[in-house]
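# A structural walkthrough
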Amino acid sequence: MELKFYIESGIIESFVLGLASEAEVEELQHMRRLYPELDTEVEFVERRLERAAFDEPAMPPMEIRDRVLQKIRWEQGHAYSDPSSNYTFINIQPKDGSHITVHRWWKIFFIIFFIMSKVFLFLAIFYYLKYRMSQEQHSFNLHQPVKQEQTSPSQV
Amino acid sequence: MRRDLAHISEQVLIERLVIGDPAAKELLYDRYAGALYAVVLQLVPVKERADDVMVRVFTWVFQHIGTFHTSGYRTLFAWLMRKTRELAIREALPETALTGSALMKLEEGVLQRFYLMLPADQQQVFRLSYFKGLSITTIARLLALPEEQVNDILGDAMKSFRQFLKDTWN
């Protein structure tokens, strides 16, 4: 009779909702040790509350699920993978025929090609200028003896 | 969610969570997120904050699932709901401290409906206790009432809640 009165006081509901004070929680745990049938009553109350909550769920955005699962993956050190997951990959490449896909090595090849072309261009200009200078020097040397030859008979 | 785990019992789910099974964690989320989000929305009126609470709840649960058996709770949902409310109140207090009006209007729910059925004095105490997470001592000080009286009013509200649950979900 006393136990029934205790149950009807709403102490279990108060505990389940988290509203019971520390003293009330301690008392309830003590009573549960004395009367194990109280455990069944606690479970009844919890199941009623569960049914009530499941009758009116509010689905959270998918973004929350992603954030929660992301945390699981971090905790697993990126080792977590679900072999049975059925992923769908979507190719987002445009199909207009104006795009091609090439291996990443081509990027390095084009960078090297670009740099080499600049080097060769520089060398070509450099040697061209050098060639021009040597040509000018050569023509200058050719004209010098002629002048000397032209001036020498008059001196004589 | 992995299909082979979809129908496992609560006990098996807890055992797999204790050993850190990632698929069990995923299942826990899929099974309880909807019911818990409804609880959070009644306590945290700001959507972004409510979303953060959900992430925090599940992060905490994954780390502390081992304490379930010593918590005094018999079902996983009640244990989750208790922690969800605790974290949600921590998030809600700075914004809505002691006003409560915005909170009450935002989301319908089981506890909201129950709250509206209560007499005025029980409504006041239940709101401050459940939705605001205030202690009996603080509520007594706020309402300028003796603690015993506040305790009795909350006790009456809990009796009504017992009846409310039994009448609808027995």
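The rules behind these values
- Residues numbered from 1 in each chain as written.
- Chains lettered and ligands numbered in written order.
- Predicted model: local features only at pLDDT ≥ 70, side-chain atom pairs only at ≥ 80, totals over all residues.
- Heavy atoms only, no water.
- Helix = DSSP H or I, 4+ residues; strand = E, 2+ residues; numbered from the N terminus.
- Buried < 20%, exposed > 50% of the residue type's maximum accessible area, 1.4 Å probe, protein only.
- Contact = heavy atoms within 4.5 Å.
- Areas by Shrake-Rupley, 256 points an atom, 1.4 Å probe, with all protein chains shown as cover.
- pLDDT = per-residue confidence, 0-100.
- Buried area = accessible area lost by both parts, 1.4 Å probe.
- Salt bridge = Lys/Arg side-chain N within 4 Å of Asp/Glu carboxyl O.
- Polar contact = N/O pair within 3.5 Å; in protein donor to acceptor, adjacent residues only side chain to side chain.
- Phe/Tyr/Trp six-rings, centres within 6.5 Å; stacked < 30°, edge-to-face > 60°.
- Lys NZ or Arg CZ within 6 Å of the ring centre and 35° of its normal.
- Axes fitted to C-alpha atoms, helices over the stretch in contact; angles between N-to-C directions.
- Parallel < 35°, antiparallel > 145°, perpendicular 65-115°, else oblique.
- Nonpolar A, V, L, I, M, F, W, Y, C, P; charged D, E, K, R; others polar.

Regarding its fold elements, chain B presents nine helices and zero strands. The proportion of buried residues among the 170 residues of chain B is 54%. Pairs at least 24 apart in sequence give 57% of the contacts found in chain B among residues at least 6 apart. Accessible area for chain B stands at about 7,500 Å²; split by element, carbon and sulfur atoms hold 51% of it.

Residues at a pLDDT of 70 or more form 78% of chain A, whose mean pLDDT is 85. Predicted confidence in chain A is weakest over helix α6 (residues 105–155) of chain A, with a mean pLDDT of 86, and strongest over helix α2 (residues 11–17) of chain A, with 96.

Each side of the interface is counted separately: chain A has 47 residues, and chain B has 54 residues. In total, chain A and chain B occlude about 4,600 Å² of area from one another, counting both sides; carbon and sulfur atoms represent 60% of this. Of all residues in chain A, the largest losses of buried area upon contact with chain B belong to L17(A), L19(A) and R48(A), amounting jointly to 14% of the total for that side. Here chain A and chain B share ten salt bridges between them. The shortest N-O distance in the salt bridge between E10(B) and R47(A) comes to 3.2 Å. The interface formed by chain A and chain B holds 18 residue pairs in polar contact (both at pLDDT 80 or more) in total. It is helix α4 (residues 37–55) of chain A that provides the largest number of residues to the side of chain A that touches chain B, a total of 15 residues.

Looking at where K25(B) falls in the secondary structure, it is placed in helix α2 (residues 22–43). With a relative accessible area of 5%, K25(B) lands in the buried category.

This brings us to the side chain of S129(B). Secondary-structure assignment places S129(B) in helix α7 (residues 120–131). S129(B) has contacts with L19(A), R85(B), L134(B), I139(B) and L154(B), leaving out every residue within four places of it along the chain.

Moving on: the packing of aromatic side chains. On inspection of all chains with the given rule, the structure shows 23 aromatic pairs over all chains. For the pair W106(A) and F110(A), a centre-to-centre distance of 5.9 Å together with 35° between the ring planes defines the contact as tilted. Here the residue W106(A) and the residue F110(A) both occupy positions in helix α6, the gap between them amounting to four residues, near one helical turn. On the accessibility criterion, W106(A) (43% relative accessible area) is partly exposed. Their ring planes at 55° and their centres at 4.9 Å tell us that Y29(B) and F58(B) sit as a pair that is tilted. With Y29(B) in helix α2 and F58(B) in helix α3 (residues 47–64), this pair connects stretches of sequence that are 29 residues apart. The same class applies to Y29(B) as to F58(B), namely buried. Aromatic ring contacts, followed pair by pair, group F114(B), Y115(B), F126(B), Y130(B), F131(B), F161(B), F164(B) and W169(B) into a single cluster. Positioned above the aromatic ring of W60(B) is the side chain of K83(B), whose terminal nitrogen or guanidinium carbon lies 4.3 Å from the ring centre.

Let's shift gears to unusual backbone geometry. Residue and element names in this part refer to chain B. The backbone of A144 sits at a positive phi, close to 55°, despite the residue not being glycine. Inspection of the secondary structure puts A144 in the loop between α8 (136–143) and α9 (147–169). For A144, a relative accessible area of 68% corresponds to the exposed category.

What follows is about the pattern of salt bridges. Enumeration over the complete set of coordinates arrives at 22 salt bridges over all chains. E86(B) is the partner of R90(B) in a salt bridge, and the nearest nitrogen-oxygen pair spans 3.1 Å. With R90(B) and E86(B) both in helix α4 (residues 76–96), this residue pair falls four residues apart, about one helical turn. E86(B) sits in the partly exposed class, given a relative accessible area of 31%. Linking K159(B) and D156(B) is a salt bridge whose minimum nitrogen-to-oxygen distance equals 3.9 Å. A residue pair is termed a helical-turn pair when its members lie 3 or 4 positions apart in one helix, as K159(B) and D156(B) do in helix α9 at three residues. Take K159(B): its relative accessible area is 41%, and that puts it in the partly exposed class. Each of R32(A), D39(A), E43(A), R47(A), E50(A), E10(B) and R74(B) takes part in one network of salt bridges that share partners.

A few words now on the packing of α4(A) against α2(B). Packed helices, taken two at a time, are described by the angle their axes make and the gap between the axes. Here α4(A) crosses α2(B) at 85°, and the two axes come no closer than 8 Å. The angle between α4(A) and α2(B) falls in the class roughly perpendicular. The segment α4(A) lies against α2(B), with E50(A), A53(A) and F54(A) engaging R31(B), Y32(B) and A35(B). Its residues placed into classes, the contact of α4(A) with α2(B) shows four nonpolar, no polar and two charged.

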